[in-house]
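# A closer look at the structure
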Amino acid sequence: MGVASLALAATACGSTSSDTGADSDGSKKDLGLAIAYDIGGKGDQSFNDAAYAGLTKAKDEFGYKTADVEPTEGETDADKEQRLVSLARQGYNPVIGVGFAYGPAMKAVAAKYPKTTFGIVDSVVEGGNVASLVFAEEQASYLAGVAAAKATKTKTVGFVGGVDVPLIHKFQVGYEQGVKATDPKVKVIPQYLTQTAEEGGFSSPDKGKAAAEGQIEKKADVIYQAAGLSGQGVIEAAAKAKVWAIGVDSDQYQQEALAAYKDHILTSALKDVGGSVYTLAKSVHDGKPLTGTQVFDLKVNGVGLADSNPGMAGVTGLTDAVAKARKASSTARSR
């Protein structure tokens, strides 16, 4: 059950901002879509790469110029603000910040460039020219929990979160609910890599690997990771121990960089970040820019669970249980 790109209704209109500064008359034609990556950057095989896929689709379809800009280690909100300003001044429209860390910078910059449409993934920023692209992560994670409970033989499963923040709590809660609803006897071991993103929770595969190894020592034989680039370490540890890993955001079974471990990637909790990026770009291209909060959930295929690994069929009852849970949980919310 893949996650499809979405076509959302427009909620407001806007035009372009030129590179001559804030509040300009928009004399310069829009260059196209620009995205500013979150921690981990392009190549994380997860969140940021999903955003890049959306950018690539928009570029191919609309034939315009695009830009994607990497973060810097230890950067401040001021650094993020300057990055967004630079993209808006160059004439990119829309400009999308990939990740909740762009919240403060987005709020400041969007107010200065009212003729540019801005987007932010995983956060809500108020503004007449801002589209907040948010997801029902708990719903996809619930399905991952169902799969984990069906696949475990030790009755112990793990959860590795990159950073101990409310967004990642949604992944944990949904996962735990899915596990318990499927088999109350299964134990869930949760662990967070760091308290802040600056400590590398989303960008340190070595931290992910160490956490997974610790959970495997405690008999976890299925580990779900919501940890960005750090999740690669979780997947590597699971593969070496010949237990299951569950990927996140993108279908990690399909990713070339993880090919050596794919046979141990049971499934992935999908989050259509690429679809949200493309959808916002299309709305601007069509002259009907989206604004306000745009929610991507099971009802609109904004989240889901990958079924690309044939190994899922070898787990008794897994496919049917996930299909049943998907239908039942399309309106579920984390408590």
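Described below are features of the structure shown in this document. None of these values were measured; they are calculated from a predicted model. (Residues numbered from 1 in each chain as written. Predicted model: local features only at pLDDT ≥ 70, side-chain atom pairs only at ≥ 80, totals over all residues. Heavy atoms only, no water.)

Moving on: the overall build of the protein. Assigned secondary structure in the protein consists of 9 helices and 12 strands. By residue count, 58% of the 335 residues in the protein fall in the buried class. Sequence-distant contacts in the protein: of pairs separated by 6 or more residues, those separated by 24 or more amount to 70%. Surface summary for the protein: the accessible area is close to 13400 Å², and the carbon and sulfur share equals 51%. (Helix = DSSP H or I, 4+ residues; strand = E, 2+ residues; numbered from the N terminus. Buried < 20%, exposed > 50% of the residue type's maximum accessible area, 1.4 Å probe, protein only. Contact = heavy atoms within 4.5 Å. Areas by Shrake-Rupley, 256 points an atom, 1.4 Å probe, with all protein chains shown as cover.)

Take the packing of helix H4 (residues 137–151) against helix H9 (residues 318–328) next. Where H4 meets H9, the axes come as close as 9 Å, and the angle between the chain directions of the two elements is 155 degrees. It follows from the interaxial angle that H4 and H9 lie roughly antiparallel. Between H4 and H9 the crossing geometry is right-handed. Residues Tyr142, Leu143, Val146, Ala147, Lys150 and Ala151 of H4 form the contact with H9, whose participating residues are Leu318, Ala321, Val322, Ala325 and Arg326. (Axes fitted to C-alpha atoms, helices over the stretch in contact; angles between N-to-C directions. Parallel < 35°, antiparallel > 145°, perpendicular 65-115°, else oblique. Left-handed = near helix turned anticlockwise from the far one by under 90°.)

Mapped onto the secondary structure, Gly119 falls in strand E4 (residues 118–121). Excluding anything up to four places from it in sequence, Gly119 contacts Val95, Ile96, Gly97, Met106, Ala131 and Leu280.

Taken as a whole and judged by the stated rule, the model has 12 salt bridges. Here Glu137 makes a salt bridge to Lys271, at a shortest N to O gap of 2.8 Å. Remark: Lys271 occurs in strand E10 (residues 265–271) and Glu137 occurs in helix H4; sequence separation between them is 134 residues. Like Lys271, Glu137 is buried. (Salt bridge = Lys/Arg side-chain N within 4 Å of Asp/Glu carboxyl O.)

The next subject is the side chain of Gln225. Counting through the fold element by element, Gln225 comes out in strand E8 (residues 222–226). Polar side-chain contacts of Gln225 include one of 3.3 Å to the backbone nitrogen of Ala227. The residues contacting Gln225, other than those within four sequence positions of it, are Val160, Gly231, Val234, Ile235, Ile246, Gly247, Val248 and Gln252. (Polar contact = N/O pair within 3.5 Å; in protein donor to acceptor, adjacent residues only side chain to side chain.)

Tallying each qualifying case throughout the model produces 7 aromatic pairs. A ring pair is formed by Phe62 and Tyr64, whose centres lie 5.6 Å apart and whose planes are at 50 degrees; its orientation type is tilted. Classification of Phe62 by relative accessible area gives buried; the value is 15%. Chaining the aromatic ring pairs together yields one cluster made of Phe159, Tyr175, Tyr192 and Tyr224. Over the aromatic face of Tyr278 sits the side chain of Lys57, whose NZ or CZ is 4.3 Å from the ring centroid. The residue whose ring lies beneath Lys80 is Tyr102, and the NZ or CZ to ring-centre distance is 5.9 Å. (Phe/Tyr/Trp six-rings, centres within 6.5 Å; stacked < 30°, edge-to-face > 60°. Lys NZ or Arg CZ within 6 Å of the ring centre and 35° of its normal.)

Attention shifts here to the packing of H4 against helix H5 (residues 166–182). Angle between the axes and distance between the axes are the two parameters that describe a pair of packed helices. Interaxial distance between H4 and H5 falls to 6 Å at its minimum, and their mutual angle equals 40 degrees. Judged by the angle between their axes, H4 and H5 are oblique. When the axes of H4 and H5 are compared, the crossing they make is right-handed. Judged by residue contacts, Glu137, Glu138, Ser141, Tyr142, Ala144, Gly145, Val146, Ala148, Ala149 and Lys150 of H4 engage Leu167, Lys170, Phe171, Gly174, Tyr175, Gln177, Gly178, Val179, Ala181 and Thr182 from H5. Looking at the contact of H4 with H5 residue by residue, the class counts come to 10 nonpolar, 6 polar and 4 charged. (Nonpolar A, V, L, I, M, F, W, Y, C, P; charged D, E, K, R; others polar.)

Strand order in the open sheet formed by 6 strands is E2-E1-E3-E4-E5-E11, and the pairing between neighbours is parallel. Here the strands that pair on one side only, and so sit at the sheet edges, are strand E2 (67–69) and strand E11 (292–296). Ignoring strand direction, the axes of neighbouring strands in this sheet form an average angle of 20 degrees. In terms of strand pairing, strand E5 (residues 130–135) meets E11 through 5 bridges, oriented parallel. Residue pairing for E11: Phe135 is matched across the bridge by Phe296. (Pairing = 2+ DSSP bridges.)

Bringing the pairing of strand E9 (residues 244–249) into the picture now. Taken across its 6 residues, E9 has 6 buried, putting it largely inside the fold. Both E8 and E9 contribute to a ladder of 3 bridges, which runs parallel. When the bridges of E9 are listed, Ile223 appears paired with Ala245. Each parallel crossover has a hand, and for E8 linked through helix H7 (residues 231–241) to E9 it is right-handed. Examined bridge by bridge, E9 and E10 share 5 bridges and lie parallel to one another. Paired with Val248 across the strands is Ala269, a residue of E10. (Right-handed = clockwise from strand over helix to strand, strands pointing away.)

All right, on to helix H6 (residues 205–217) then. Taking 1.5 Å per residue, 13 residues should reach 18 Å; H6 reaches 18 Å between its end C-alpha atoms and fits that length. Those residues of H6 hidden inside the fold are in contact with strand E6 (156–163), strand E7 (187–194), E8 and H7. Of the residues trailing H6, Lys219 is marked for its positive phi of about 80 degrees. (Expected span 1.5 Å × (residues − 1).)

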